[in-house]
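Here is how the chains run, residue by residue.
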Amino acid sequence: ARAATPGGNVEGAWKALREEAMGCTRCPLYKPATQTVFGEGPLDARLMFVGEQPGDQEDLSGRPFVGPAGQVFDRAMGEAGIDRTAVYVTNAVKHFKFEPRGKRRIHAKPDAGEIDACRWWIEQERMLLTPKLTVALGATAARSLTGRTVTISRERGRPIALADGGEGWITVHPSFLLRLPDKAAAEAEFARFVEDLRNAAAYIG
Ligand code: URA
């Protein structure tokens, strides 16, 4: 069900939510990060995609999936025939977690406490948008959305019940594809990722 908002104004409620998220202090990740990276996309989107957390470029630009992982995501979406501008894209954790190494900021995995602290935001986003299907990109998103530890290889590519009663679909995180050293393996995994995306879109018709 949609969240109760005065006059059922989803856009106004979403804007207020986003504004509130900009000042989030629910976990310590807000301190070193540049800004909250909230979800974006049409509020009537039927597909929602959930990543792990913003990376370096997302932290600086304030937008999800604009860096290297975002480029892989865009390419896979294109091959799957899904218009990225027609879907809503967000993250399980909305601040960039990193370790400074010289001038560089190296991605650090959010822990269960941080995922749990941030879950409140994605629950609100889901209540407002009520997507038909929510695609978890990788284990962090899958954990956030299902409330349990998920083995991607075992549960990918088919409908999965989410903790809030909604329907989900699990696949790999695009940055996994960037880490594969072997070119042939990377191409095969990319093709599997595209297939998962295509099947998710086909599932909701
Ligand atoms: N990786 C993610 O999980 N999300 C982003 O927004 C960027 C990279």
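Residues numbered from 1 in each chain as written. Predicted model: local features only at pLDDT ≥ 70, side-chain atom pairs only at ≥ 80, totals over all residues. Heavy atoms only, no water.

A. Structural detail: the site of the ligand. The environment of the ligand is formed by G51, E52, Q53, P54, G55, E58, P64, F65, A69, N91 and H173. Within the backbone of F65, an N or O atom sits 2.9 Å from an oxygen atom of the ligand. N91 places a side-chain nitrogen or oxygen 2.7 Å from a nitrogen atom of the ligand. Coverage of the ligand by the protein amounts to 94% of the 230 Å² it exposes when considered alone. (Near = heavy atom within 4 Å. Polar contact = N/O pair within 3.5 Å; in protein donor to acceptor, adjacent residues only side chain to side chain. Areas by Shrake-Rupley, 256 points an atom, 1.4 Å probe, with all protein chains shown as cover.)

B. Broad picture of the packing of helix 3 (residues 68-80) against helix 8 (residues 183-204). Across the interface, helix 3 lies against helix 8 with an axial gap of 9 Å and an inter-helix angle of 60°. The orientation of helix 3 with respect to helix 8, classified from their angle, is oblique. Helix-helix and strand crossings are classified by hand; for helix 3 and helix 8 the assignment is right-handed. Touching V72, F73, R75, A76, M77, E79 and A80 of helix 3 are F190, F193, V194, L197 and R198, all from helix 8. Residues of the contact of helix 3 with helix 8, tallied by class, amount to nine nonpolar, no polar and three charged. (Axes fitted to C-alpha atoms, helices over the stretch in contact; angles between N-to-C directions. Helix = DSSP H or I, 4+ residues; strand = E, 2+ residues; numbered from the N terminus. Parallel < 35°, antiparallel > 145°, perpendicular 65-115°, else oblique. Left-handed = near helix turned anticlockwise from the far one by under 90°. Contact = heavy atoms within 4.5 Å. Nonpolar A, V, L, I, M, F, W, Y, C, P; charged D, E, K, R; others polar.)

C. Inspection of unusual backbone geometry at higher detail. A positive phi is found at F65, a non-glycine position, where the angle reads about 50°. In this fold, F65 is placed in the loop between helix 2 (56-61) and helix 3. At T130, a residue that is not glycine, the phi angle is positive and equals roughly 40°. By the element assignment, T130 lies in the loop between helix 4 (112-129) and strand 5 (133-137).

D. Summary view of the pairing of strand 5. In terms of residue burial, strand 5 counts as a mostly covered element, since five of its five residues are buried. What you see with strand 5 is no split at all: L133, V135 and L137 on one side and T134 and A136 on the other are buried throughout. Alignment of strand 5 against strand 7 (residues 167-171), held across four bridges, turns out to be parallel. Its bridge partner lying in strand 7, A136 is registered against I170. (Buried < 20%, exposed > 50% of the residue type's maximum accessible area, 1.4 Å probe, protein only. Pairing = 2+ DSSP bridges.)

E. Just the side chain of E125, in detail. Positionally, E125 belongs in helix 4. What E125 contacts, discounting residues up to four positions off in sequence, is L17, F38, G39, M48, Y88, T90 and K94.

F. Layout of the pattern of salt bridges. The full count for this structure, using the stated rule, is 16 salt bridges. Across the pair D196 and R156 runs a salt bridge, and its minimum N-O distance is 2.8 Å. Taken together, the residues D196 in helix 8 and R156 in the loop between helix 6 (152-155) and strand 6 (159-161) connect sequence positions 40 residues apart. With a relative accessible area of 11%, R156 lands in the buried category. The closest approach of N and O atoms between K183 and E187, which form a salt bridge, is 3.2 Å. Remark: E187 and K183 occur in helix 8; sequence separation between them is four residues, near one turn of the helix. Since its relative accessible area comes to 63%, K183 is described here as exposed. Three or more residues are tied together by salt bridges with common partners; here these are R156, E189, R192 and D196. (Salt bridge = Lys/Arg side-chain N within 4 Å of Asp/Glu carboxyl O.)

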